[in-house]
Amino acid sequence: MPQETNPQSGSLQRASVPNPLALIAEVTHRCPLHCVYCSNPLELAGTKAELSTGEWTSVFQQSGKLGMLHAHFTGGEPLARTDLTELIAAASAAGLYTNLITSGIGLNESRLQTLVSAGLDHIQISFQDSREEAANWIAGAKAHAHKIELSRAIRRHKVDRNEIDEKKTGGKNLAFTVNLVVHRQNLDHLEDMIAFIEQLSPERIEIAHTQYYGWALANRAALLPTRAQLEKAVAIVAAAEKRLAGRIRIDSVVPDYYAKYPKACMGGWGRRLMLINPSGKVLPCHAAEVLPGLSFENVREKTLAWIWQESPSFRRFRGEDWMPEPCRSCDRRTEDFGGCRCQAFLLTTDATATDPACSLAPSHGIVESAVREANASAASTRPIAASSFVQLQKQTAGLWSYRTNPE
């Protein structure tokens, strides 16, 4: 059982911070897809190290007591866990709104109904493209057709207020989001992709520009869009927002390599969210383990309350004391908190540096160089079909590396 430490003991007394709003539960790193833009770490947690059903149940109970509102089930592919129904039931029993972020592989209508009955509130399905050949090429797996059929099954769980089938749905209206990760290889089809997703009738479309961590950073040259692609995409999204207003909500953010200022990553280090990886490490964000010199606590050894309030890892980049110039005197320091610590380290080898995505950063030239390279060559490559994943890896080796699975 995790051990509680008295937060008032010795010289460690500190002003408390508001409790986290949400838990990101990376229940496994196993995944049937091999997406080239995956932000999972290159070193993935092995199956044998994964938290047990009971350990995750304890995590959800602690999360509820901390006042968290949401539990986002992600991975890897959460459906790879045979106990996912039990995990969702435990999170729901703890008072958490449950959101399943999934590729859809491993889910059929029967299992979907079981998950809904267990307490699933929201499901988010990812799509790689509107064209089957391109989608399968990006994912490194033949998954597109199944995603379409699954999306239709999800819509059958959208309850008509005048025709609620209590036996089938338990009165639950399953919310549905479609996530579309966009980048150099598919932005030219954005208008077609939005029209395709519209036919699936989600409540929300998330147009997520690739974030350059993990596998995506390794494949950045093949994924970073051109400025012309981005400008056209912004116009397409604006037109779609206007056309779909009142029917489908669209969320989209400009990629930070092209932004003037950096994003407030995860709402700020240790300010809003906790992420727990498959082996139980508690992180401020999904990429935090790349940072040298930080030791992250495990839920098998410490409580979430102690980790949030007292752990050196969560306190490391809170506040402003750690900030260098120009962040320390910048009027935006309470908005973007100096940008992303992981991106700063990955691009400069200094986790305390101003995020190079910021136009004011001394190291902004690193990002400018990447953008120049992206705009100096042809925007996209023709999709490649292959009879096997191994063959696909060989044929695309000069373009990108596919995400692999943990042992």
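It should be noted that the structure appears before, not after, this text.
Residues numbered from 1 in each chain as written. Predicted model: local features only at pLDDT ≥ 70, side-chain atom pairs only at ≥ 80, totals over all residues. Heavy atoms only, no water.

Draft legend 1. Inspection of the overall build of the protein chain at higher detail. Counting secondary structure elements, the protein chain contains 16 helices and nine strands. In terms of C-alpha radius of gyration, the protein chain reaches 21 Å, essentially the compact-globule figure of 22 Å for 407 residues. Each of the three principal axes of the protein chain carries a C-alpha extent, and together these read 60 × 60 × 45 Å. A separation of at least 24 residues holds for 73% of the contacts in the protein chain among residues at least 6 apart in sequence. Summed over all atoms, the accessible surface of the protein chain reaches about 18,000 Å², with 51% contributed by carbon and sulfur. Put simply, the protein chain has 44 plus and 43 minus side-chain charges, and the middle of one group is 0 Å from the middle of the other. (Helix = DSSP H or I, 4+ residues; strand = E, 2+ residues; numbered from the N terminus. Rg over C-alpha atoms; globule rule 2.2 N^0.38 Å. Contact = heavy atoms within 4.5 Å. Areas by Shrake-Rupley, 256 points an atom, 1.4 Å probe, with all protein chains shown as cover. Lys, Arg positive; Asp, Glu negative; His and termini not counted. Charge placed at Lys NZ, Arg CZ, Asp CG, Glu CD.)

Draft legend 2. Looking closely at helix α5 (residues 144-155). For α5, which comprises twelve residues, the first-to-last C-alpha distance of 17 Å matches the rise-based estimate of 16 Å (1.5 Å per residue) to within 8%. Taken as a whole, α5 has its buried residues at H144, K147, I148, L150, S151, A153, I154 and R155. Buried residues belonging to α5 abut α3 (109-118), β4 (122-127), α4 (132-139), β5 (175-182) and α7 (190-198). (Expected span 1.5 Å × (residues − 1). Buried < 20%, exposed > 50% of the residue type's maximum accessible area, 1.4 Å probe, protein only.)

Draft legend 3. Up close: the pattern of salt bridges. One pass over the structure, following the stated rule, counts 19 salt bridges. Residue R247 is joined to E198 by a salt bridge in which the shortest nitrogen-to-oxygen separation is 3.1 Å. Placement of R247 in the loop between α10 (227-244) and β7 (249-252) and of E198 in helix α7 is noted, with a sequence separation of 49 residues between them. A salt bridge links D251 to R204; the nearest nitrogen and oxygen atoms lie 2.7 Å apart. (Salt bridge = Lys/Arg side-chain N within 4 Å of Asp/Glu carboxyl O.)

Draft legend 4. Here's a closer look at the packing of aromatic side chains. Applying the stated criterion to the full structure yields ten aromatic pairs. Measuring from centroid to centroid gives 5.8 Å for W56 and F60, while their planes differ by 20°, and the two rings are stacked. Within this pair, W56 and its partner F60 are both found in helix α1 (residues 53-65), separated by four residues, close to a single helical turn. We classify F60 as buried; its relative accessible area is 0%. A ring pair is formed by F317 and W322, whose centres lie 5.2 Å apart and whose planes are at 85°; its orientation type is edge-to-face. Of the aromatic side chains, those joined through ring pairs into one cluster are W137, F389, W400 and Y402. The lysine or arginine in question, K302, covers the ring of W306, its NZ or CZ lying 4.4 Å from the ring centre. When the ring centre of W308 is taken as origin, the NZ or CZ atom of R318, which lies over that ring, is 4.8 Å away. (Phe/Tyr/Trp six-rings, centres within 6.5 Å; stacked < 30°, edge-to-face > 60°. Lys NZ or Arg CZ within 6 Å of the ring centre and 35° of its normal.)

Draft legend 5. Structural context of the packing of α1 against helix α2 (residues 84-93). In contact at an axis separation of 8 Å, α1 and α2 are set at 20° when each is read in the N-to-C sense. With respect to each other, α1 and α2 are oriented roughly parallel. Considering how the two elements wind past one another, α1 and α2 form a crossing that is right-handed. The residues of α2 that touch α1, namely those facing T53, W56, T57 and F60, are E86, L87, A90 and A91. The residue inventory of the contact of α1 with α2, partitioned by class, reads five nonpolar, two polar and one charged. (Axes fitted to C-alpha atoms, helices over the stretch in contact; angles between N-to-C directions. Parallel < 35°, antiparallel > 145°, perpendicular 65-115°, else oblique. Left-handed = near helix turned anticlockwise from the far one by under 90°. Nonpolar A, V, L, I, M, F, W, Y, C, P; charged D, E, K, R; others polar.)

Draft legend 6. Structural context of the nonpolar core. Within the largest apolar cluster, 61 residues are counted, with the highest numbers of intra-cluster contacts made by F60, F73 and L190. Counting residues in hydrophobic clusters, the runner-up holds 27 residues, among them V36, Y37, L230 and A374. (Core = buried A, V, L, I, M, F, W, Y, C linked by side-chain atoms within 4.5 Å.)

Draft legend 7. Inspection of the side chain of H34 at higher detail. Turning to its location among the elements, H34 is positioned in the loop between β1 (22-26) and α1. By relative accessible area, which is 12% here, H34 ends up buried.

Draft legend 8. Quick look at the environment of R156. Along the chain, R156 turns up in the loop between α5 and α6 (166-169). A C-alpha to C-alpha distance of 25 Å links R156 and A90, two positions 66 residues apart in sequence.

Draft legend 9. Inspection of the sheet that holds strand β9 (residues 282-283) at higher detail. The nine strands lie next to each other as β7-β6-β5-β4-β3-β2-β1-β8-β9, forming an open sheet whose pairing is mixed. Either end of the sheet is taken by a strand with one partner, and the two such strands are β7 and β9. Across six bridges, β5 lies against strand β6 (residues 204-209) in parallel orientation. In the strand pairing of β6, L180 is matched with I207. Sheet strands in contact with α1 are β1, β2 (70-74) and β8 (273-276), and its direction is about 170° off that of β1. The strands that α7 touches are β4, β5 and β6; relative to β5, the one it contacts most, it runs at about 165°. (Pairing = 2+ DSSP bridges.)

Draft legend 10. Seen up close, unusual backbone geometry. Backbone torsion omega between G75 and G76 reads 15°, so that peptide bond is classified as cis. Positionally, G76 belongs in the loop between β2 and α2. Of note, the bond from E325 into P326 is cis; its omega dihedral lies within 30 degrees of zero at 10°. Among the secondary structure elements, P326 is positioned in the loop between α12 (312-315) and α13 (333-336). Despite not being glycine, F337 shows a phi value in the positive range, around 55°. In this fold, F337 is placed in the loop between α13 and α14 (341-348). On the basis of relative accessible area, F337 is assigned to the buried category, the value being 15%. Positive phi, normally seen in glycine, also occurs at T349, with a value near 65°.

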